[in-house]
Amino acid sequence: MLLEVQNLNVYYGAIHALQGVSFNVEEGEIIALIGANGAGKSTTLKTISGLIRPRSGNIVLRGDSITTLPAEEIVRRGVVQVPEGRKIFAPLTVQENLEMGAYSRRDPAEIRQSMERVFKSFPRLKERLSQYGGTLSGGEQQMLAIGRGLMARPRLLLLDEPSMGLAPILVEEIFSIIREINAQGVSILLVEQNALMALSVANRGYVLETGRIVLAGTADELLHNPLVIQAYLGGH
Amino acid sequence: MQRVATWRRKGLGRLFLWGLAALAAYVLIRNLVTNPTLFFQQVINGLQLGFVYALISLGYTMVYGIVRLINFAHGDIFMVGAFVSFYAISRFQLNQVPAQIVGGLSSNISAFLGTILVIILSMLTCSALATTVERVAYKPLRNAPRIAALITAIGVSFFLEYFAALEFVFTSDYINYQRPFPVQVWDIRGVKISNIMLIIVVTAIIFLVILQQIVRRTKIGKAMRATSYDTPTARLMGINVDGVITFTFALGAALAGAGSVLYAIAYPQLIVFMGILPGLKAFVAAVLGGIGSIPGAFIGSLIMGQAEVLSAGYLSTTLRDAIAFTILILVLLVRPQGLFGEPEGEKV
Ligand SMILES: Nc1ncnc2c1ncn2[C@@H]1O[C@H](COP(=O)(O)OP(=O)(O)OP(=O)(O)O)[C@@H](O)[C@H]1O
Ligand SMILES: [Mg+2]
């Protein structure tokens, strides 16, 4: 088991945002975490990354608890998040953004190698290396956000709504790159509102509703589940 | 309606500002024409002061950029730097150490090396003090409301001043500073330029270039910029934000430490409250330039230096200190983001 999330309870002041969330990610899987606005998807990812501390519950990575580790240590152990809304460092160049992704790594040769691999997936970034992050288009920013995440050499990539605000053709491109990344051995926890897309690339999925996991199953099961069809696939 | 009213208020503010600028320009040009020698002398004096302010104000602006805290104790750290250099020179003759180690140095070179040694000592002391203050006083309040940290900063400021005034620490009296080298003055067509002035400008420029290189090129400098822009995302990169904050305090204090030695050399009288006014003025310079902006702090400081010296020279010497706060109020009214600041930070 790569990642086990056990009975997480997270509060924002009095708001009980995660109410006993449990799920797991096996080595090599793509897991979709779907849910409506405010369900707690981003909160789940931030808690795994160590930005938010749970009041109770446990997060276990390959048998070791990472629940109380500082965020930078969690990155060093290979759990890397690409946050919602891309969160590119606008006043840093594309190259500097990528370098920040590799912050926890030391070997310059290996880092350059990773950067070349990122350029293979996103050739457009290479043309824009010295451009400021804030001047990229939305689609390019999403590519940079994912590329920056890959620079940390993740074992588990947490993607928070990578398709948000992108034109359909770009969504296709991003999802095919997600498949590619997974094929290279990176496990992926994919948070999406676009449930159809997410479940079409995922092995398994979980449905989060107001802080609770209400459904779990293989991607196929969820795609054919009447509740999922009703609530997340537009009723078709 | 609301929009019209704001527009009109802004228009009036602008008109007022332009009027003030025109008046200032008139006074300056008239004085430039009637007595150019005096005018250039003033400009030179203002430049000297401005470069010292620049070294102080960078600490304010960098720390604000990262933790959104106005570190009111910064001016007092500056004061400690000046006192440390005083004791190093007058008690321990640190400035003569190079001459003792290497025999046969010319007196100029040994004074030069000795001064560098004193500056380095002050820089290190200020860095150590600032990072201690950060650890002890500010870090526990990282997630508290901002006003709590601000009040703490004011408290630390008082603490440093009155602690330094104790007899077994520094002293509560004025003391005369002993310069690590003798003053030389050159007269260029009536305008007096001292070696102190040249040393201040050159040293300050060297430090500014080094700082710029650190922030632009090094890994920690890039991490500083990333953290300043978006702290949570910086943490997602694996950046140790606490380390970056500590480094920022150390860097800002080191610059203030260097500035404090230069300041004491130029204005050789020390008192434990000596950091208050330069600190406040450097803070105004940072606000004027756009707080959080490094080039802004630099340009703002040069403007502050000129504004202070010229208003003291041509309007009234008592205006000297008031001018800083007049500028602060004007900036906050007309352009609160300062010259180089973004209208609204991305800060979450
Ligand atoms: N910083 C915060 N302070 C208070 N409440 C918060 C905070 N962040 C999130 N919440 C609340 O926690 C709940 C879960 O939010 P979260 O951002 O995890 O939802 P989400 O599933 O990611 O939604 P979306 O699809 O809109 O991104 C929401 O009710 C939200 O209002
Ligand atoms: Mg979200």
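Residues numbered from 1 in each chain as written. Chains lettered and ligands numbered in written order. Predicted model: local features only at pLDDT ≥ 70, side-chain atom pairs only at ≥ 80, totals over all residues. Heavy atoms only, no water.

In this section: the sheet that holds strand β3 (residues 30–35) of chain A. Residues and elements named next belong to chain A. As summarised here, the arrangement of the six strands in space is β6-β7-β8-β3-β9-β10, forming an open sheet in which the pairing is mixed. At either margin of the open sheet sits one strand with a lone partner, and together these are β6 (79–82) and β10 (212–218). On average, each strand axis in the sheet is inclined to that of its neighbour by 15°, with strand direction left out of account. Examined bridge by bridge, β3 and strand β8 (residues 187–192) share five bridges and lie parallel to one another. Considered in β8, the bridge of I31 is made with L189. Helix α1 (residues 41–49) contacts β3, β6, β7 (156–160), β8 and β9 (204–209) of the sheet and is inclined by roughly 150° relative to β7. (Pairing = 2+ DSSP bridges. Helix = DSSP H or I, 4+ residues; strand = E, 2+ residues; numbered from the N terminus. Axes fitted to C-alpha atoms, helices over the stretch in contact; angles between N-to-C directions. Contact = heavy atoms within 4.5 Å.)

Now for unusual backbone geometry. Even without a glycine there, the phi angle at A:R153 is positive, about 55°. Residue position: A:R153 is located in the loop between α6 (138–150) and β7.

Before going further, it helps to spend a moment on the site of ligand 1. Residue and element names in this part refer to chain A. The environment of ligand 1 is made up of 14 residues, and the closest members are N37, G38, K41, S42 and T43. G40 places a main-chain nitrogen or oxygen 2.9 Å from an oxygen atom of ligand 1. At 2.4 Å, a side-chain N or O of T43 approaches an oxygen atom of ligand 1. When isolated, ligand 1 has an accessible area of 630 Å², and the protein chains bury 63% of it. Secondary-structure elements contributing two or more residues to the shell around ligand 1 are β2 (15–25) and α1. (Near = heavy atom within 4 Å. Polar contact = N/O pair within 3.5 Å; in protein donor to acceptor, adjacent residues only side chain to side chain. Areas by Shrake-Rupley, 256 points an atom, 1.4 Å probe, with all protein chains shown as cover.)

It is worth spelling out the pairing of strand β2 (residues 185–188) of chain B at this point. With four bridges joining them, β2(B) and strand β3 (residues 191–194) of chain B adopt antiparallel strand pairing. Bridge pairing in β3(B) places B:D187 opposite B:K192.

On the surface, B:I109, B:F112, B:L113, B:I116, B:I120 and B:L124 cluster together to form a nonpolar patch covering roughly 540 Å² of accessible area. Within the element layout of this structure, B:F112 appears in helix α5 (residues 107–138). (Patch = residues over 30% accessible without salt bridge, like charges linked within 9 Å, V, L, I, M, F, W, Y side chains within 5 Å. Salt bridge = Lys/Arg side-chain N within 4 Å of Asp/Glu carboxyl O.)

Right, let's talk about the coordination of the magnesium ion (ligand 2) for a bit. All names here are of chain A. At the metal site, the magnesium ion (ligand 2) is ligated by S42 (OG) and E84 (OE), and these contacts range over 1.9 to 2.2 Å. On the criterion of sequence distance, the pair formed by S42 in helix α1 and E84 in the loop between β6 and α3 (94–101) is long-range, its members being 42 residues apart. Its relative accessible area of 29% is what places E84 among the partly exposed residues. (Donors = N, O, S within 2.8 Å, 3.2 Å for Na, K, Ca; no water. Buried < 20%, exposed > 50% of the residue type's maximum accessible area, 1.4 Å probe, protein only.)

Right, let's get into the side chain of A:T67. Residues and elements named next belong to chain A. Within the secondary structure layout, T67 lies in the loop between β5 (64–65) and α2 (71–76). Within the structure, T67 has its side chain in polar contact with the side chain of N58 (distance 2.5 Å). Among the polar contacts made by the side chain of T67, one reaches the main-chain amide nitrogen of I59 at a distance of 2.9 Å. Excluding residues that lie within four positions of it along the chain, T67 makes contacts with R53, P54, G57, N58 and I59.

A word on the interface of chain B and chain A. Of the residues lining the interface, 18 residues belong to chain B; the matching set on chain A comes to 25 residues. For chain B, the biggest contributors to the area lost against chain A are B:R235, B:L236 and B:M237; these three give 35% of the whole. At the junction of chain B with chain A, the criterion picks out two salt bridges. A salt bridge links A:E99 to B:K222; the shortest N-O distance between them is 2.5 Å. Counting every contact that joins chain B to chain A gives four residue pairs in polar contact (both at pLDDT 80 or more). Grouping the amino acids of the side of chain B that touches chain A by side-chain chemistry returns nine nonpolar, three polar and six charged. (Buried area = accessible area lost by both parts, 1.4 Å probe. Nonpolar A, V, L, I, M, F, W, Y, C, P; charged D, E, K, R; others polar.)

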